[in-house]
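Residues per chain are reported as follows:
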Amino acid sequence: MAECGASGSGSSGDSLDKSITLPPDEIFRNLENAKRFAIDIGGSLTKLAYYSTVQHKVAKVRSFDHSGKDTERDHEPPYEISVQEEITARLHFIKFENTYIEACLDFIKDHLVNTETKVIQATGGGAFVYQKDSDPEFRFQTNHPHIFPYLLVNIGSGVSIVKVETEDRFEWVGGSSIGGGTFWGLGALLTKTKKFDELLHLASRGQHSNVDMLVRDVYGGAHQTLGLSGNLIASSFGKSATADQEFSKEDMAKSLLHMISNDIGQLACLHARLHSLDRVYFGGFFIRGHPVTMRTITYSINFFSKGEVQALFLRHEGYLGAIGAFLKGAEQDNPNQYSWGENYAGSSGLMSTSPELGPAQRARSGTFDLLEMDRLERPLVNLPLLLDPPSYVPDTVDLTDDALARKYWLTCFEEALDGVVKRAVASQPDSVDAAERAEKFRQKYWNKLQTLRQQPFAYGTLTVRSLLDTREHCLNEFNFPDPYSKVKQRENGVALRCFPGVVRSLDTLGWEERQLALVKGLLAGNVFDWGAKAVSDVLESDPYFGFEEAKRKLQERPWLVDSYSKWLQRLKGPPHKCALIFADNSGIDIILGVFPFVRELLLRGTEVILACNSGPALNDVTHSESLIVAERIAGMDPVVHSALREERLLLVQTGSSSPCLDLSRLDKGLAALVRERGADLVVIEGMGRAVHTNYHAALCCESLKLAVIKNAWLAERLGGRLFSVIFKYEVPAE
């Protein structure tokens, strides 16, 4: 998207320090493997997008070949583990001040010798300026990005207002020359501060009422008779004309930010009312996730519309133009065949400081914001059984809003860091640099946590899920693809040896007694979660802690959330057609908890789709591990054997590599299978999948959400104690 108001020359002329050195490892990552570039040049800021290939390590499992052997295998692991190299695709987005555009383009060209890249797709008002002076080796093209149906207010150097009715039906309806460039320019004159981010930082510490004339300054106590708040700004900078004093840089920056934000908010509101729109999306790097800016615009919209128009903000709004330009050159790659997910390890986050540019940097160096997106080889879609997909929110608690929970969970993840580092090093005993890489992981994740303490919104909505996913991304960044692989291998082997005995014991029980035993087995299996400190401490200190010990840890009925009686009554009715089960942990959980439950459903005549993670996370079972486990169980149990052979039991991947579960981003093949088999029961187990996420998820079929609360603070908050039980059976309203 072009930054409106980009009318000046983008070239910095003689002021550009051509000797500046940009660190490719920190800013232009994987540049040597870059394939395609796109650029959005505004009046003040440039946004660059490029595609690269990334080589990283992945853990693979493979069943041992026992053909022709007649040996005792009781103490052999159920499969072998190997680490292999894999190449994936990644999108990089970088924002920087226009001062550096020539240096950046020169740097890119110097590092792209003998590559296929000869074209940079370009958009933005500044693209026409740079087109005149560009190296003939590069060819610039303009592009018109596709955006969604609403009033879009893009605040770049100036302001552009677009009314959009469909993806291909939109029109520019207005704008203003007073925008981000105005704030930057006037701010530089008033404070002598040349960096945009430093201006925002000054504003965050200022008190605008020292500079602005308020309603109470004009009317005194009489403002109440006018129905006006005394804190309303009557005149921006009004006190500066009469006060015989110096004003602080912070106060002037805050007043300026309020003045421009209020002006933009009122202008947007007028256009929204004129075109009968009740939603306004604000984009552009003037926003930057800055809370004062967003709060002021929101207040302005609410005030002038009397609450009838809603102000909405996009986290990655500043890259819309760069994405549009990139897609212009990516059409031949069929981008709709893939899904993308943010790589939190490589993204700088909103409002975060960027890497230093080294000794050559000058006072006006600016900052570099980074965003990375990894390509997923299969498209992700909604679970067809979601009751209302547009309103679905995976996460139970928004830590951005809940300060108490945020403080607790950030501290919890900090305290767990030593254990994660220890586990990562132990997972690669033959690697000479494992300890060094683990320390780099520690530092990177620690820095992310400190950023989130200061700026909870830095990576969008802050949740337990995002904290877990960020940790997994940082581990992968330093080539720890599956720190729990050996733990899972050992626990799967132990649990498989126990499986026949568990099934024999269940088969001796009467029907009603067996149903309760199966549910308790599911819950006991869910105790074995290495991601929970209360459990990992027990497992590390007591190697004999097993399935029966876990059962004794469980809360006695009635449970904290207890719908078991309702579930039992349902089981006395006709069988379900097909059950979709989202599994959690390896070892005892899936083998002694989930598979006996699956076996009982199969005996009732219910087909089962067992969905496991596509990639590793903590000690969660992966799809490839589940295939081997199912094969071994089928060799011991005729019920499972025939169900696999007749495709009444199907093992599929979720498309996720997270300890949590987002039902709006599932593997397309899984979604198709759910439709094809007519699934009418969804079972979600585990704290990550059924408590941190999906606790409030509404489905259009029956569902079971069950978990053991393995965190004392969370249990107390929910009104229980450690190892309290959640057993939530839900039936959709007629």
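Residues numbered from 1 in each chain as written. Predicted model: local features only at pLDDT ≥ 70, side-chain atom pairs only at ≥ 80, totals over all residues. Heavy atoms only, no water.

**Q** Would you mind showing me how to read the sheet that holds strand β18 (residues 607-612) here?
**A** Strand pairing within a sheet occurs via backbone hydrogen bonds; the two strands may be parallel or antiparallel. Spatially, the seven strands line up as an open sheet ordered β16-β23-β22-β21-β17-β18-β19, and their pairing is mixed. On the outer flanks of this sheet lie β16 (561-562) and β19 (649-653), each paired with one strand and no other. Note that strand β21 (residues 681-685) and strand β22 (residues 702-709) share five bridges and pair parallel. The residue of β22 that forms the bridge with Val 682 is Ser 703. Against the sheet, helix α17 (residues 564-571) engages β16, β21, β22 and β23 (724-730), with an angle of about 45 degrees to β23. (Pairing = 2+ DSSP bridges. Helix = DSSP H or I, 4+ residues; strand = E, 2+ residues; numbered from the N terminus. Contact = heavy atoms within 4.5 Å. Axes fitted to C-alpha atoms, helices over the stretch in contact; angles between N-to-C directions.)

**Q** Looking at this model, I keep getting lost on helix α6 (residues 249-274). Mind explaining?
**A** Because each turn of an α-helix spans 3.6 residues, side chains separated by three or four positions in sequence point in the same direction. Taking 1.5 Å per residue, 26 residues should reach 38 Å; α6 reaches 38 Å between its end C-alpha atoms and fits that length. Phi turns positive one or two residues past the end of α6, at Ser 276, with a value near 55 degrees. (Expected span 1.5 Å × (residues − 1).)

**Q** How do you make sense of the sheet that holds strand β7 (residues 159-166) when you look at a structure like this?
**A** Strand order in the open sheet formed by five strands is β8-β7-β6-β11-β12, and the pairing between neighbours is mixed. Strand pairing shows two members of the sheet lacking a second neighbour, β8 (169-176) and β12 (310-313), which therefore form its edges. Averaged over all pairs of adjacent strands, the angle between their axes in this sheet comes to 25 degrees, without regard to strand direction. Pairing analysis gives five bridges linking strand β6 (residues 151-155) to β7, with the strands arranged antiparallel. Bridging from a neighbouring strand, Leu 152 pairs with Val 162 of β7. Against the sheet, α6 makes contact with β6, β7, β8 and β11 (279-283), and its axis sits at roughly 155 degrees relative to β6, the strand it touches most.

**Q** Even after reading the chapter, I still don't get the packing of aromatic side chains, so can you show me in this structure?
**A** The geometry of an aromatic ring pair is captured by two quantities: the separation of the ring centres and the angle between the planes. Scanning the model with the defined rule gives 13 aromatic pairs in all. Here the aromatic rings of Tyr 408 and Trp 409 are separated by 5.0 Å at their centres, their planes lie at 75 degrees, and the arrangement is edge-to-face. Taking relative accessible area as the criterion, Tyr 408 reaches 24% and is therefore assigned partly exposed. Consider the rings of Trp 409 and Phe 413, whose centres lie 6.5 Å apart with planes at 55 degrees: the pair is tilted. Of this pair, Trp 409 and Phe 413 both sit in helix α9 (residues 403-415), four residues apart, roughly one helical turn. (Phe/Tyr/Trp six-rings, centres within 6.5 Å; stacked < 30°, edge-to-face > 60°. Buried < 20%, exposed > 50% of the residue type's maximum accessible area, 1.4 Å probe, protein only.)

**Q** Explain the pattern of salt bridges to me, please; I cannot follow it from the model alone.
**A** Pairing is possible between side chains of opposite charge, provided their charged atoms come close. Overall, the coordinates contain 35 salt bridges when judged by the stated rule. Beyond isolated ion pairs, a larger network of salt bridges with shared partners links Arg 90, Glu 372 and Asp 374. (Salt bridge = Lys/Arg side-chain N within 4 Å of Asp/Glu carboxyl O.)

**Q** Hey, could you run me through the pairing of strand β14 (residues 369-376) in this one?
**A** Look at any regular strand and the pattern is simple: side chains alternate between the two faces of the sheet. Summarising burial for β14: seven of the eight residues are buried, a large majority. The pairing of strand β13 (residues 339-342) with β14 spans four bridges and is classified as antiparallel. Looking at the pairing, Glu 342 lines up with Met 373 of β14.

**Q** Which parts of the structure should I look at to understand empty space enclosed by the protein?
**A** Gaps left between atoms show up when a probe the size of a water molecule is rolled over them. If you walk through the whole model with that rule in mind, you get 10 cavities of 30 Å³ or more. By volume, the second largest cavity is sized at about 60 Å³. Around the second largest cavity, the lining residues are Gln 515, Leu 518, Val 519, Trp 567, Leu 571, Phe 597, Glu 600, Leu 601 and Arg 604. Contributing elements (two or more residues each) for the lining of the second largest cavity: α14 (511-526), α17 and α18 (588-604). Of all the elements, α18 adds the most residues to the lining of the second largest cavity, at four residues. Here the lining of the second largest cavity is composed, by residue class, of six nonpolar, one polar and two charged. (1 Å grid on protein atoms, 1.4 Å probe; cavity = no way out; pocket = protein on both sides within 12 Å on 5 of 7 lines; lining within 4 Å. Points joined across faces, edges and corners; volume = space filled by probe spheres on them. Nonpolar A, V, L, I, M, F, W, Y, C, P; charged D, E, K, R; others polar.)

**Q** When you look at the packing of helix α3 (residues 180-191) against α6 in this model, what are you seeing that I'm missing?
**A** Each pair of packed helices gets described by two things: the angle between the helix axes and the distance between those axes. Viewed as axis vectors pointing N to C, α3 and α6 meet at an angle of 160 degrees, and their least axial separation amounts to 10 Å. Here α3 lies roughly antiparallel to α6, going by the angle between them. Between α3 and α6 the crossing geometry is right-handed. Of α6, the residues touching α3 (which contributes Thr 182, Phe 183, Leu 186, Gly 187, Leu 190 and Thr 191) are Lys 249, Met 252, Ala 253, Leu 256, Leu 257 and Ile 260. (Parallel < 35°, antiparallel > 145°, perpendicular 65-115°, else oblique. Left-handed = near helix turned anticlockwise from the far one by under 90°.)

**Q** Help me out: how do you make sense of the confidence of the model for the protein in this one?
**A** In low-pLDDT segments, the atomic positions of the prediction should not be examined closely. On average, the protein scores 81 in pLDDT, and the residues at 70 or more come to 80%. Between residues 67-72, whose pLDDT stays under 50, and residues either more than four places distant or in other chains, the model counts zero contacts. Within the model, pLDDT remains below 50 along residues 351-366, and this stretch shows 43 contacts once partners closer than five positions in the same chain are excluded. (pLDDT = per-residue confidence, 0-100.)

**Q** Would you mind going over the side chain of Arg 375 with me for this structure?
**A** Relative to the assigned elements, Arg 375 resides in strand β14. Beyond its immediate chain neighbours, meaning those up to four positions away, Arg 375 contacts Tyr 51, Ala 89, Tyr 338, Ser 339 and Trp 340.

**Q** Explain the nonpolar core here, please?
**A** The nonpolar side chains of a soluble globular protein tend to be buried with one another. Within the largest apolar cluster, 100 residues are counted, with the highest numbers of intra-cluster contacts made by Leu 467, Trp 567, Phe 595 and Phe 727. With 10 residues, α18 is the single largest residue contributor to this core. When neighbours within four sequence positions are excluded, Trp 567 is seen to be in contact with Val 519, His 576, Phe 597, Leu 681, Leu 704, Phe 727 and Tyr 729. (Core = buried A, V, L, I, M, F, W, Y, C linked by side-chain atoms within 4.5 Å.)

**Q** Explain the environment of Ser 63 to me, please; I cannot follow it from the model alone.
**A** Checked against the element boundaries, Ser 63 lands in strand β2 (residues 45-63). With relative accessibility at 25%, the residue Ser 63 sits in the partly exposed group. Residues Ser 63 and Leu 627 lie 564 residues apart in sequence; the distance between their C-alpha atoms is 9.3 Å. Beyond its immediate chain neighbours, meaning those up to four positions away, Ser 63 contacts Pro 78, Tyr 79, Ile 628 and Glu 631.

**Q** What is the right way to read the side chain of Thr 606 from this model?
**A** For Thr 606, the location among the structural elements is in the loop between α18 and β18. A polar contact of 2.8 Å, which involves the side chain of Thr 606, links it to the backbone oxygen of His 576. Residues contacting Thr 606, with those up to four places away along its chain left out, are Pro 575, His 576, Lys 577, Cys 578, Ala 579 and Leu 601. (Polar contact = N/O pair within 3.5 Å; in protein donor to acceptor, adjacent residues only side chain to side chain.)

**Q** Can you walk me through the layout of surface pockets in this structure?
**A** Estimated volume of the second largest pocket: approximately 840 Å³. For the lining of the second largest pocket, the secondary-structure elements that each account for two or more residues are α9, α10 (417-426), α12 (464-477), α15 (533-541) and α22 (687-690). It is α9 that provides the largest number of residues to the lining of the second largest pocket, a total of six residues. Classifying every residue of the lining of the second largest pocket by side-chain character gives 18 nonpolar, eight polar and 12 charged.

**Q** Sorry if this is basic, but what is going on with the environment of Asn 30 here?
**A** With respect to the helices and strands, Asn 30 occurs in the segment before β1 (34-41). Distance in space between the C-alpha atoms of Asn 30 and Thr 53 is 7.4 Å, their sequence separation being 23 residues. Once residues within four sequence positions are removed from consideration, Asn 30 is found in contact with Ser 52, Thr 53, Val 54, Arg 90 and His 92.

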